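The chain contents come next:
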Amino acid sequence: MEFRVLDEPVIMPGYGLTLLISEGDGDAFTDGCTIRDIRGHAHTVEQVTQQEGFTCLFIRNGDESYFGRLFRDIFVDATLFILEQGEQ
């Protein structure tokens, strides 16, 4: 399943980062699911929560510099991800 995230991850230094989804696809995600970014890198979502209308995907030890570079790259559709494992 393809989905989009906001281009500003929530960084939690020393813990990881959270990607936010504003669409209505939040029910498809489960703790431990795997998502893949447009460059083909897989990321394991440790925890899925709902906050103020957003689905929050927490990635422990997520590389904040990698995501920063990804979201600044004007040559790729950086907010497009694919849910690989954990689909219902």
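See the structure shown above.
Attention here is on the structure that accompanies the text. Residue positions are counted from 1 within each chain, in the order its sequence is given. A pLDDT threshold of at least 70 governs which residues receive local features in this predicted model, and a stricter bar of 80 or more applies before side-chain atom pairs are shown or counted, although totals over entire chains, interfaces and linings include all residues. Side-chain numbers here rest on the full set of heavy atoms in the structure, without hydrogens or water.

Points about the side chain of T55
- In this fold, T55 is placed in strand β7 (residues 54-60).
- A polar contact of 3.2 Å, which involves the side chain of T55, links it to the side chain of Q50. The numbering of helices and of strands both runs from the N terminus, where a helix is a DSSP run of H or I of at least 4 residues and a strand a run of E of at least 2. Throughout this description, a polar contact denotes any pair of N or O atoms lying within 3.5 Å of each other; where both atoms belong to protein, one of them has to be capable of donating a hydrogen while the other can accept it, and for residues adjacent in sequence the pair is counted only when both atoms sit in side chains.

A few points about the pattern of salt bridges
- What makes a salt bridge here is a side-chain nitrogen of Lys or Arg within 4 Å of a carboxyl oxygen of Asp or Glu, nothing more. Counted under the stated rule, the structure contains 4 salt bridges.
- For R4, the salt bridge identified is with D77, shortest N-O distance 2.8 Å. Of this pair, R4 sits in strand β1 (residues 2-4) while D77 sits in the loop between α1 (64-72) and β8 (80-85), placing them 73 residues apart in sequence.
- Exposed residues in this analysis have more than 50% of their type's maximum accessible area, buried residues have under 20%, and partly exposed residues fall in between, with area computed by a 1.4 Å probe over protein chains only. The exposure class assigned to D77 is partly exposed, which follows from its relative accessible area of 34%.
- With its nearest N and O atoms 2.8 Å apart, the salt bridge here joins D73 to R39. Remark: R39 occurs in the loop between β4 (34-37) and β5 (42-44) and D73 occurs in the loop between α1 and β8; sequence separation between them is 34 residues.
- On the basis of relative accessible area, D73 is assigned to the partly exposed category, the value being 22%.

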